[in-house]
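Take a look at the letters that make up each chain.
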Amino acid sequence: MIFENLPTAPRSEELLDKAFSRAARAGNAKGGLEAQQSMLTVAVNITSDNLENVVTAWPDFDYVDPFYYELADAIVDVDELRQSLSEVTWASRQIDELGREYQSKLRKTDPDTARKHRKQAFARIADIMDEIKDDLRAVGDARDALKDLPDIRPDEPAIVIAGYPNVGKSSFVNHVSRASNEIAEYPFTTRGVQIGHIERDHIRYQLIDTPGLLDRPEDERNDIERQAAGAIEHLADTILFFVDASGDCGYPLDVQLALRDDLVDRFADRDVPVLTICNKSDRSTDVEADAYMSITEEEGIEEVLSMAVDAVGYEPDLPSRDA
């Protein structure tokens with residue numbers, strides 16, 4: 001996952017303390033003009049390099065997969081994050097230029113004047129760091145918010161499980177992928193997102209149940225949930241919409257089908273198939289569906305999986321013999 005290995009962004013005060021304390025040690029190891037030059041070099045390198053590393057550790061959002069872009073934007077506001085990263089880049093370059101400016105001054109003077117120049121340089125470095133203290137904090141907060149996003153892989157085919165609560169979505173994911181399912185927390189869902197995997201013809205398929213996103217009408221979601229649901233549009237290769245014709249789930253069948261129709265409309269522009277799966281078919285089959293299944297009776301499950309895989313129609317890129 002592209003955000004999980006992001007390093008912790010230092011606070012402005014922490015980075016200054018680190019830079020100036022190491023600079024002091026470097027100066028103590030030498031004397032005269034050389035001590036001032038060494039102190040300046042160490043302070044500039046530590047601050048400038050650390051700031052540059054903060055920025056380069058982040059992916060370029062111009063090339064991030066739309067799924068992860070939408071998820072990130074739902075949580076942290078990508079435009080604001082990019083602005084903060086830009087400010088940190090500016091600070092890194094300013095400190096680097098300042099270092100070259102003052103090193104030139106230190107080469108042309110005596111030790112006492114050099115000490116005054118070095119202290120002046122340190123004061124300017126501190127001013128620059130103060131200017132970006134809020135940006136560094138924003139980058140650090142964004143990193144903390146994004147690093148635990150679940151490992152959903154846009155390059156693998158995804159089967160999204162949708163439908164109202166209590167229609168058997170989680171039971172289905174558990175049943176067909178007992179050895180590989182995981183629960184992961186999204187910051188914008190009330191319960192953990194469940195991710196399972198199946199393999200067909202040496203191709204791994206992700207099974208994703210997103211409670212809080214696709215289990216109620218759009219007008220009942222908040223803004224963050226709507227945007228996160230929008231991210232799913234970039235991810236889903238097919239959707240299995242579970243219905244409980246018996247109504248035992250607590251939602252009337254017509255309400256369930258209305259949500260199904262909303263999803264059909266929503267995903268039509270992306271040409272994503274939405275298959276209606278009647279679960280709990282041992283209790284009722286009183287609905288027109290693409291497949292009928294009972295998880296408790298273990299009936300129709302393989303047929304549903306095969307139908308989903310066929311609907312995805314995934315064909316891996318194979319190397320050409322002419323290549």
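Anyway, here's the lowdown on the structure attached to this text. Counting restarts for each chain, with residues numbered from 1 along the sequence as it is written. Under the rules for a predicted model, residues below a pLDDT of 70 receive no local features and side-chain atom pairs below 80 are neither given nor counted, while totals for whole chains, interfaces and linings still include all residues. Water and hydrogen atoms were dropped before computing side-chain values, which therefore reflect all heavy atoms in the structure.

### Thoughts on the overall build of the protein chain
And step 1. Helix and strand assignments come from DSSP, with helices taken as H or I runs of at least 4 residues and strands as E runs of at least 2, each series counted from the N terminus. When its secondary structure is counted, the protein chain shows 10 helices and seven strands.
And step 2. Seen through its principal axes, the protein chain has C-alpha atoms that stretch 95 × 50 × 35 Å.
And step 3. Relative accessibility under 20% of the residue-type maximum defines a buried residue, over 50% an exposed one, and the middle range a partly exposed one, all with a 1.4 Å probe and only protein chains included. Among the 323 residues that make up the protein chain, the fraction classed as buried is 48%.
And step 4. Throughout, a contact is declared for two residues whenever any of their heavy atoms are within 4.5 Å. Sequence-distant contacts, at least 24 apart, represent 69% of the contacts inside the protein chain between residues at least 6 apart.
And step 5. Each accessible area value is a Shrake-Rupley result obtained with a 1.4 Å probe; residue values ignore everything except the protein chains displayed when judging cover. Carbon and sulfur atoms make up 42% of the accessible area of the protein chain, which totals about 16,100 Å².
And step 6. A positive count includes Lys and Arg, and a negative count includes Asp and Glu. His and the chain ends are not counted in either. Think of each charge as sitting on NZ of Lys, CZ of Arg, CG of Asp or CD of Glu. Taking the average place of the 35 positive charges on the side chains of the protein chain and the average place of its 66 negative ones, the gap between the two points comes to 13 Å.

### Topic: helix α1 (residues 12–28)
Residues spaced three or four apart along an α-helix face the same direction, because each turn holds 3.6 residues.
And step 1. Here the expected length of a helix is defined as 1.5 Å per residue gap, with one fewer gap than residues. For α1, which comprises 17 residues, the first-to-last C-alpha distance of 24 Å matches the rise-based estimate of 24 Å (1.5 Å per residue) to within 8%.
And step 2. Buried residues of α1: S12, L15, L16, A19, A23, A26 and G27, and no others. Here the buried residues of α1 occupy an arc of 100° about the axis, which is enough to place them on one side. Seen from the buried face of α1, the exposed residues on the opposite side, beyond 90 degrees, are E14, D17, R25 and N28.
And step 3. Here the buried face of α1 lies against α2 (32–56), α5 (111–131) and α6 (133–146). The directions from the helix axis to the C-beta atoms form the arc being described.

### Structural notes on the packing of helix α7 (residues 169–176) against helix α10 (residues 301–312)
And step 1. As a rule, the C-alpha atoms of each element are fitted with a line to give its axis, helices using only the stretch in contact, and angles between N-to-C directions run from 0 to 180 degrees. For the pair α7 and α10, the least separation of the axes is 12 Å and the interaxial angle reads 90°. Here α7 is positioned roughly perpendicular relative to α10, judged by the angle of their axes. Contact with α7, carried on its side by F172, H175 and V176, involves I301, V304 and L305 of α10 and no other residues of that element.
And step 2. Residues of the contact of α7 with α10, tallied by class, amount to five nonpolar, one polar and no charged. Small angles under 35 degrees read as roughly parallel and large ones over 145 as roughly antiparallel, with 65 to 115 read as roughly perpendicular and the rest as oblique. Each residue is assigned to one of three groups, with Ala, Val, Leu, Ile, Met, Phe, Trp, Tyr, Cys and Pro labelled nonpolar, Asp, Glu, Lys and Arg labelled charged, and all others, Gly among them, labelled polar.

### With respect to a negative patch on the surface
And step 1. On the surface, a cluster of negative charge is made up of D219, E220, D262 and D265.
And step 2. Mapped onto the fold, D219 is located in the loop between β4 (203–209) and α8 (223–235).
And step 3. Given a relative accessible area of 65%, D219 falls into the exposed group. Each patch groups residues whose relative accessible area exceeds 30% and which form no salt bridge, using 9 Å between like charges and 5 Å between nonpolar side chains of Val, Leu, Ile, Met, Phe, Trp and Tyr. The salt bridge definition used is simple: a Lys or Arg side-chain nitrogen within 4 Å of an Asp or Glu carboxyl oxygen.

### As for the environment of A162
And step 1. Mapping A162 onto the fold places it in strand β1 (residues 158–162).
And step 2. In this structure, the C-alpha to C-alpha distance between A162 and P211, residues 49 residues apart in sequence, is 8.2 Å.
And step 3. The contact partners of A162, leaving out residues within four places of it in the chain, are K169, L214, I239, L240, F241, F242 and L263.

### Focus: the pairing of strand β6 (residues 274–279)
And step 1. In terms of residue burial, β6 counts as a mostly covered element, since six of its six residues are buried.
And step 2. Residues V274, T276 and C278 point to one face of β6 and L275, I277 and N279 to the other, with burial holding for every one of them.
And step 3. For the handedness criterion, the β-α-β arrangement of strand β5 (residues 238–244), helix α9 (residues 253–268) and β6 is classed as right-handed.
And step 4. When DSSP finds at least two bridges between two strands, those strands are taken to pair. Pairing of β6 with strand β7 (residues 291–292) involves two bridges; the strand directions are parallel. Across the sheet, residue I277 finds its bridge partner in β7, namely A291. Convention used here: a crossover is right-handed provided that the path from the first strand, over the helix, to the second strand proceeds clockwise when the strands point away from the viewer.

### Considering the pattern of salt bridges
And step 1. Counted under the stated rule, the structure contains 17 salt bridges.
And step 2. E156 is the partner of R153 in a salt bridge, and the nearest nitrogen-oxygen pair spans 4.0 Å.
And step 3. Look at R153 and you get partly exposed, because its relative accessible area is 35%.
And step 4. Between D215 and R216 there is a salt bridge; the shortest N-O distance is 3.7 Å.

### Points about α9
And step 1. Its 16 residues give α9 an end-to-end C-alpha distance of 22 Å, which sits within 8% of 22 Å, the value for a rise of 1.5 Å per residue.
And step 2. Taken residue by residue, α9 has Q256, L257, L259, R260, L263, R266 and F267 as its buried positions.

### Some remarks on the environment of R107
And step 1. One can find R107 in the loop between α4 (78–106) and α5.
And step 2. Its relative accessible area of 56% is what places R107 among the exposed residues.

### A closer look at the nonpolar core
And step 1. Ranked by size, the top nonpolar core spans 97 residues in total, and within it W58, F172 and L240 carry the most contacts.
And step 2. The element contributing the most residues to this core is α4, with nine residues.
And step 3. If we skip the residues at most four places from it in the chain, W58 touches F3, L6, L81, L85, V139, A142, R143 and L146. Only buried residues count toward a nonpolar core, which is a set of Ala, Val, Leu, Ile, Met, Phe, Trp, Tyr and Cys residues joined through side-chain atoms within 4.5 Å.

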